[in-house]
Amino acid sequence: MAKQKKSALEEKKGISISEITNASSIKTIQEKRRSKINTETLVSAILNKDITALSRAITLVESKNRAHLEKANTIIKACLPHANKSIRIGITGVPGVGKSTFIETFGKHLTSLGKRIAVLAIDPSSSLTKGSILGDKTRMEELVKDDHAYIRPSASGDSLGGVARKTRETIILCEAAGFDVILIETVGVGQSETTVHSMVDFFLLLKLAGAGDELQGIKRGIVEMADAIVINKADGDNLKRAKLAKVEFNRALHLYPEKDSNWSPRVMICSALKNEGIDAVWELILEYVDVTTKNHFFNKKRNEQNKFWLIQTIEDQLKSDFFNRPKIKKELEQQLQLIDTNQTTPFAAADYLLSLLA
């Protein structure tokens, strides 16, 4: 067999120019893209209901990068005059109560009425790996395809009660983008409810019949915050139990003091799976808005929430600034080692670290 002649133009194996420059080029392009974020353009696009621009702005809000924070604050300030026109609804309940199914069915009902809705779903993050499932878009298969709905899953991270660090600002951006109803789904582990309650107009508690807590009225604090208790999965063999649970919850609610809003919390039953009772839940929320608007509680509550978030933001910023100081980081490690060897107490270590601010 004749030996093939090698061409003088044959390319030899080796490292291509693209491989040499690829990593640095990509990094340079990414840095240029980040530096070219035009806040005015983003704000204009958000006000024109551009979902891509909205998502990009929310990403800036959630970022811990200081440059991104400055841009995010500029965007939020520009969007603020166009916000505060939605109904903010917090939805909570233990895992397995059917929150995602309820939100999808409820959301589809609202879009069928011509409403634009935004779902801010807070997914649980692992305290060890910081990993998050972010599966709400998978669980809400129909709603995610709806042009009048926007779903934004966010990892809860290590923030208070599992609520995403910047959910409050995200609400403002969504309102500026023209969404009529903002739904905020909590992790549902009993810690995030207070924080969510401080940023919504209406707080809805989802329950299951036969869960063993009807007579106890579940956790007193959560029931006191609830503007309505909705017993989900009231269908089939479970319908009778749901009706009995409704009676028990109604009795429990009578034991609680009257709310400042002059609103008496209601107990309802529904089946999100079969789309039964969902329209009645929406009508109840509209009734609440009407009652609290007429007695001026609606705006009063929002003003109180704004004051709360002013203090909360200051506390968060002071905490972040404190722990990010190089000297504090170094001394904190030493104090932790002293605690390990029983050479100091947590309180003495804290006093010492705080004294370094003087």
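An account of the accompanying structure is given in this report. (Residues numbered from 1 in each chain as written. Predicted model: local features only at pLDDT ≥ 70, side-chain atom pairs only at ≥ 80, totals over all residues. Heavy atoms only, no water.)

1. Notes on the pairing of strand E5 (residues 202-208)
So, step 1. Among the 7 residues that make up E5, 6 are buried, leaving the element largely enclosed by the rest of the structure.
So, step 2. By the bridge criterion, 4 bridges tie strand E1 (residues 87-92) to E5 in an arrangement that is parallel. Bridge pairing in E5 places Thr-92 opposite Leu-205.
So, step 3. Bridge count between E5 and strand E6 (residues 228-232): 5 bridges; the pairing is parallel. Bridging across to E6, Lys-207 finds its partner in Ile-231. (Buried < 20%, exposed > 50% of the residue type's maximum accessible area, 1.4 Å probe, protein only. Helix = DSSP H or I, 4+ residues; strand = E, 2+ residues; numbered from the N terminus. Pairing = 2+ DSSP bridges.)

2. Focus on the packing of aromatic side chains
Any pair of aromatic rings gets described here by the distance separating the centres and the angle formed by the planes.
So, step 1. Within the structure shown, the criterion is met by 7 aromatic pairs.
So, step 2. Both rings, one in Phe-106 and one in Trp-282, keep their centres 6.1 Å apart while their planes meet at 65°; by these two values the pair is edge-to-face. In this pair, Phe-106 sits in helix H5 (residues 99-112) while Trp-282 sits in helix H11 (residues 278-294), placing the two residues 176 residues apart along the sequence. Residue Phe-106 shares its accessibility class with Trp-282, and that shared class is buried.
So, step 3. An angle of 80° between the planes, with centres 5.1 Å apart, marks the rings of Phe-202 and Tyr-288 as edge-to-face. (Phe/Tyr/Trp six-rings, centres within 6.5 Å; stacked < 30°, edge-to-face > 60°.)

3. Some details on the nonpolar core
So, step 1. Residues Ile-46, Ile-75, Leu-173 and Cys-174 are the most contacted members of the largest nonpolar core, which totals 48 residues.
So, step 2. Residue contributions to this core peak at 6 residues, all from helix H3 (residues 51-62).
So, step 3. Sequence-distant contacts of Ile-46, defined by excluding residues within four places in its chain, comprise Ala-53, Leu-54, Ala-57, Ile-75, Cys-79, Leu-173, Ala-176 and Ala-177.
So, step 4. Counting residues in each nonpolar core, the second largest holds 35 residues, with Val-181, Leu-183, Tyr-288 and Phe-297 among its members. (Core = buried A, V, L, I, M, F, W, Y, C linked by side-chain atoms within 4.5 Å. Contact = heavy atoms within 4.5 Å.)

4. Observations regarding helix H2 (residues 39-47)
So, step 1. Along H2, the positions that sit buried rather than exposed are Thr-39, Leu-42, Val-43, Ala-45 and Ile-46. End-on, the buried residues of H2 take up no more than an arc of 165°, which puts them together on one face.
So, step 2. Check the buried side of H2 and you find it contacts H3, helix H4 (66-79) and helix H7 (167-176).
So, step 3. Looking at where H2 begins, the residue whose side-chain oxygen comes 3.0 Å from the main-chain nitrogen of Glu-40 is Asn-38.
So, step 4. Just beyond H2, the residue with positive phi is Lys-49, at close to 65°. (Arc of directions from axis to C-beta. Polar contact = N/O pair within 3.5 Å; in protein donor to acceptor, adjacent residues only side chain to side chain.)

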